[in-house]
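Structural features, examined
The chain contents come next:
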Amino acid sequence: MSAPRTALARLSDPALREPPRPPVRRRGGGFGSLTPERARVLMLVAARASAITLLVIFVLVYGTLFAAGSEMSGSSGAIAASWLAVHQVPLVIGKTGIGLWPLLPTLLMLWLVARDSAQAAGPECETADLGWVVGAAVGGPLLITAVCLAVAEDAAAVVSLQPPDTLAAFAWVLGLNLLAALVGIGSQRWRDFADLLPIPLPDWVVPGFRAGLRAVGRLLLAATAVTVVSFLLHWSRLGDTYHAAGNVVGALGLTLLSLAYLPNVAVDAVSVLAGGQVQIGPGSLSLFAIQGAPVPAVPVAAAVPSGPVAVWWLVLLLAPAAIGVLSGLDCGRTSHDRVTGPWATLTAAGVAAVVVALLGVVAGGELGTFGRIAPNAVGAALVFVWLAITGYVGMLGARWFGGPAVVAPAAVDDAYDDEYEYEDDYYDDEPGGYADDEYDDYDDDEYDDYDEDFDDEAAGDTEPRAGHDDESGWYDDEDLEGALDAELVDDKDEYAADTAVKSTDTPDIVDAEVVEGDLPHK
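What you see is a predicted model; the values in this text were computed from it and never measured. (Residues numbered from 1 in each chain as written. Predicted model: local features only at pLDDT ≥ 70, side-chain atom pairs only at ≥ 80, totals over all residues. Heavy atoms only, no water.)

Another aspect to go through is the packing of helix α6 (residues 205–233) against helix α10 (residues 341–363). It is the contact of α6 with α10, at a shortest axis distance of 7 Å, that shows an interaxial angle of 45°. By the criterion of interaxial angle, the relationship of α6 to α10 is oblique. In terms of crossing hand, the pair formed by α6 and α10 is right-handed. Listed contacts from α10 to V205, G208, F209, A211, G212, L213, V216 and L220 of α6 are A344, T347, A348, V351, A352, V355 and L359. When the residues that make up the contact of α6 with α10 are grouped by side-chain class, the tally is 12 nonpolar, three polar and no charged. (Axes fitted to C-alpha atoms, helices over the stretch in contact; angles between N-to-C directions. Helix = DSSP H or I, 4+ residues; strand = E, 2+ residues; numbered from the N terminus. Parallel < 35°, antiparallel > 145°, perpendicular 65-115°, else oblique. Left-handed = near helix turned anticlockwise from the far one by under 90°. Contact = heavy atoms within 4.5 Å. Nonpolar A, V, L, I, M, F, W, Y, C, P; charged D, E, K, R; others polar.)

Next up on the list: unusual backbone geometry. A positive phi is found at Q88, a non-glycine position, where the angle reads about 65°. Relative to the assigned elements, Q88 resides in the loop between α2 (75–86) and β2 (91–93). Relative accessible area serves as the criterion here: at 2%, Q88 is assigned to the buried category. (Buried < 20%, exposed > 50% of the residue type's maximum accessible area, 1.4 Å probe, protein only.)

Our next topic: the packing of aromatic side chains. Enumeration according to the criterion identifies four aromatic pairs in this entry. With centroids separated by 6.1 Å and ring planes inclined at 20°, the aromatic side chains of F58 and Y62 adopt a geometry described as stacked. With F58 and Y62 both in helix α1 (residues 36–68) and four residues apart, the pair spans about one turn of that helix. The partly exposed category is assigned to Y62, whose relative accessible area is 35%. (Phe/Tyr/Trp six-rings, centres within 6.5 Å; stacked < 30°, edge-to-face > 60°.)

Attention now goes to the pattern of salt bridges. The final tally for this structure, using the stated rule, is five salt bridges. A salt bridge links D116 to R115; the nearest nitrogen and oxygen atoms lie 3.6 Å apart. Of the residues examined, D116 reaches a relative accessible area of 2% and is grouped as buried. Its salt-bridge partner being D330, residue R214 comes within 3.4 Å of it at the nearest N-O pair. (Salt bridge = Lys/Arg side-chain N within 4 Å of Asp/Glu carboxyl O.)

Let us look at the sheet that holds strand β9 (residues 372–375). With antiparallel pairing, five strands are arranged side by side in an open sheet as β7-β6-β5-β9-β8. Looking at strand neighbours, the two that pair on one side only are β7 (290–291) and β8 (365–366), the edges of this open sheet. Of the strand pairs in this sheet, strand β5 (residues 277–280) and strand β6 (residues 283–286) are connected by four bridges, and their pairing is antiparallel. Residue pairing across strands places Q277 opposite S286, the latter belonging to β6. Packing of helix α8 (residues 248–273) onto the sheet brings it into contact with β5, β6 and β9, and relative to β9 it is tilted by some 55°. (Pairing = 2+ DSSP bridges.)

Of the strand pairs in this sheet, β5 and β9 are connected by three bridges, and their pairing is antiparallel. Within β9, the position partnered with V278 by the bridge is P375. As paired strands, β8 and β9 are joined by two bridges and run antiparallel to one another. Each residue of the ladder has a partner; that of E366, found in β9, is R372. Between β8 and β9, which follow one another and run antiparallel, lie five residues, and G368 among them has a positive phi close to 55°.

Glancing now at the side chain of T145. Here T145 lies in helix α4 (residues 130–155). Ignoring sequence-local partners within four residues, the contact set of T145 consists of W83, L84, F170 and V173.

Checked against the element boundaries, S117 lands in helix α3 (residues 103–120). Engagement of the side chain of S117 in a polar contact is seen with the backbone oxygen of V113, the distance being 2.9 Å. (Polar contact = N/O pair within 3.5 Å; in protein donor to acceptor, adjacent residues only side chain to side chain.)

With antiparallel pairing, the three strands of this open sheet are ordered in space as β3-β2-β4. Of all the strands in the sheet, just β3 (96–98) and β4 (161–162) have a single pairing partner and so form its edges. Of the pairings in the sheet, the one linking β2 to β3 comprises three bridges and is antiparallel in character. What sits directly across from L91, in β3, is I98.

What follows deals with the packing of α1 against α2. At a minimum axis distance of 10 Å, the contact between α1 and α2 shows a crossing angle of 130°. Here α2 runs oblique to α1, going by the angle between their axes. The way α1 lies across α2 gives a crossing that is right-handed. Contact with α1, carried on its side by S50, T53, L54, I57, F58, V61, Y62 and L65, involves S75, A78, I79, S82, W83 and V86 of α2 and no other residues of that element. Its residues placed into classes, the contact of α1 with α2 shows 10 nonpolar, four polar and no charged.

Judged by side-chain polarity, L55, F58, V59, Y62, F66 and M72 come together as a nonpolar surface patch covering roughly 640 Å² of accessible area. You can see M72 is positioned in the loop between α1 and α2. Classification of M72 as partly exposed rests on a relative accessible area of 38%. (Patch = residues over 30% accessible without salt bridge, like charges linked within 9 Å, V, L, I, M, F, W, Y side chains within 5 Å. Areas by Shrake-Rupley, 256 points an atom, 1.4 Å probe, with all protein chains shown as cover.)

What is shown is where atoms sit, not what they do.
Right, here's the structure in full:
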């Protein structure tokens, strides 16, 4: 029998360690086929958000008709019109055109669509299946919209509801649900989308994008706070508004309607805080001038000041300035490179301006005889200017006082430590591994007796022993310099199969053979 061919290698060599395997994703057969499990998930994406929205509409419509003592003959038309109103579709009721619908129901519905899309696009979803998720997210609402358009046309003979523009209705439903689906999927799989770009995604894009979204949230929060304060300052106007309601049911309806329109007023207030203006029919409102115009008789409209402009209103311009500084601090602390930090600040300003502009389009519209009520486009441009200039100041402050942005070696060390910490947990959780409780059965006195015998023997034997075949010898430190060296067996013959130390459960243990004849003798 020929001797096995061997090669020396260190067990600690990182090249011998098997790299971690990526998570295995179940194949669904590509874009052209679906598994039953994926079909069930897509059905939930297509139907759950729409079903919840229709259920709320049913309850509100029939509850209102029952409370008012009206007939139920026009309930189908009211339900169809409510579905279209939730999607911000302009309608004509009687001779009054309404395009300014409450924004709160729309935001809640879009949140449901985005949440369902994000859950369906989890790690187990293949990239090729993301198209199915988008199709399901927009397909269900489009189908219900087609039914509602047909119902609205039939109900025009019973109620004073004119059939809306079909193209505009489908465009609003498609655009809003598509945007919500992309936001939900992007929150989970934005790295996959970045891989599809022809060039690598710069490091400053993601920090800037996140800082821009946080800046929009802060602007809306500040605008809501200003709206509430203005509402409290003009509390005396509420008496006439609720007096026109007639009874408790009418007052409750006005209160709920005002809460539903509160996001619209907050979006308008963002434009005012940035230095822009809000168009209110023939008039306008800004921090610099007020042109009077009639406002709707709803409680939330009491927050609109009637003038004249006060000088201290200019202090409100500090709100977007402070938010811009905070955005710059976020960019300065999260950017990986100081040189590209300004690009992250500009990205945050651009993202915030685009989001504010989109919110202004959805939050505005025509409202009968009051005319168009909406923020102008200058407000979104001013948001970009505020966040870009004051954001750069905040980024410089983060560099001067906040320390280094990101320490790359620390991140590498943390990843290295986490990898080996995971391996330790793996061996601890292994069914055949060694648990600490197994050693509790032995008494400490037994080990103490053994240590005493060992010390006595070591004290009487001062010469190192080696060369014994039936027991291991004692060696000096210099003889143990190569203790980590082992032999990798290349030939898997019978001899190697009997003597090699194998491990099939733990891939990090390298098959090795310890040859006692190669050990040094003294």
